Amino acid sequence: MTINNSENLEITTGTTPLVAQIDANGTQPPPGTILVMDHNHPLYLHSTDVSGISLISLQLSGAKNYCLWRKYMRIALLGRNKLGFVDGSWKKENFREEFRYQWERCNSIVQSWIMNTVFSNLLAGMMYTDSA
């Protein structure tokens, strides 16, 4: 039996455990449900969202190329649905307690993407930031 409600929460029952898809609205599933995050949710991490990659080929070297670097980085983060970690719209406290660890994971990945596109002489100023 499959139940689809208006909040895009899909619950499947039968011989398999309950599976609920977490949508961007953060709909609360029944207890004991296996959670599957919707790919449009800001905390969703795709298997290619790893820390060792550079999202853009341009490296920030200082004030002279900051505007261009910023534009490229914003486009890349928007394409990965992670711009909210940088512009402040997806703060940790905006998410329920059970998503805080996932927020930390996403934030760390975004921080690493940014650090991977910055020249090493500028990294010292970024090392002690808590959020992207």
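Remember, predicted model here, so these are calculated numbers, not experimental data. (Residues numbered from 1 in each chain as written. Predicted model: local features only at pLDDT ≥ 70, side-chain atom pairs only at ≥ 80, totals over all residues. Heavy atoms only, no water.)

Novice: Would you mind going over the overall build of the chain with me for this structure?
Specialist: For the chain, the helix and strand inventory stands at four helices and four strands. Listed by position from the N terminus, the elements making up the chain come as β-β-β-β-α-α-α-α. Across the 132 residues in the chain, those meeting the buried criterion constitute 33%. Within the chain, residue pairs in contact and separated by at least 24 positions form 45% of the contacts whose partners lie at least 6 positions apart. (Helix = DSSP H or I, 4+ residues; strand = E, 2+ residues; numbered from the N terminus. Buried < 20%, exposed > 50% of the residue type's maximum accessible area, 1.4 Å probe, protein only. Contact = heavy atoms within 4.5 Å.)

Novice: I'm lost on helix H3 (residues 100-115) in this one. Help?
Specialist: An α-helix turns once every 3.6 residues. As a result, residues three or four positions apart point the same way. Helix length check: H3, at 16 residues, gives a terminal C-alpha distance of 22 Å against a target of 22 Å (1.5 Å per residue), a fit within 8%. If you check which residues of H3 are buried, you get Gln102, Trp103, Cys106, Asn107, Ile109, Val110, Gln111, Ser112, Trp113 and Ile114. (Expected span 1.5 Å × (residues − 1).)

Novice: Help me out: how do you make sense of the nonpolar core in this one?
Specialist: Here is a general trend for soluble globular proteins: nonpolar side chains tend to be buried in one another's company. Grouped together as the largest cluster of nonpolar side chains are 21 residues, with contacts concentrated most on Leu43, Leu55, Trp69 and Leu77. Sorting the residues of this core by element identifies helix H1 (66-79) and H3 as the ones contributing at least two each. Sort the elements by how many residues they give to this core and H3 lands first, with six residues. (Core = buried A, V, L, I, M, F, W, Y, C linked by side-chain atoms within 4.5 Å.)

Novice: Please clarify how the pattern of salt bridges should be interpreted in this entry.
Specialist: Two side chains carrying opposite charge are able to pair once their charged atoms lie near each other. With the rule as written, the count across this model stands at four salt bridges. Ionic pairing is found between Arg80 and Asp49, a salt bridge with its closest N-O pair at 2.4 Å. You can see Arg80 sitting in the loop between H1 and helix H2 (84-87) and its partner Asp49 sitting in the loop between strand E4 (34-37) and H1, a full 31 residues away along the chain. Under the relative-accessibility criterion, Asp49 is labelled buried at 10%. Lys92 is paired through a salt bridge with Glu104; the nearest N and O atoms lie 2.4 Å apart. Residue Lys92 is found in the loop between H2 and H3, and its partner Glu104 is found in helix H3; the two are separated by twelve residues along the sequence. A relative accessible area of 28% means that Lys92 is categorised as partly exposed. Here Glu104 falls in the partly exposed class, since its relative accessible area comes to 31%. (Salt bridge = Lys/Arg side-chain N within 4 Å of Asp/Glu carboxyl O.)

Novice: Looking at this structure, I do not really get the confidence of the model for the chain. What am I missing?
Specialist: Overall, the prediction assigns the chain a mean pLDDT of 80, with 68% of residues at 70 or greater. Model confidence for the chain, summarised as mean pLDDT per element, is weakest for strand E1 (residues 2-4) at 38 and strongest for H1 at 96. Per-residue pLDDT stays below 50 along residues 1-15; that stretch engages in 33 contacts with residues further than four places along the chain or on separate chains. (pLDDT = per-residue confidence, 0-100.)

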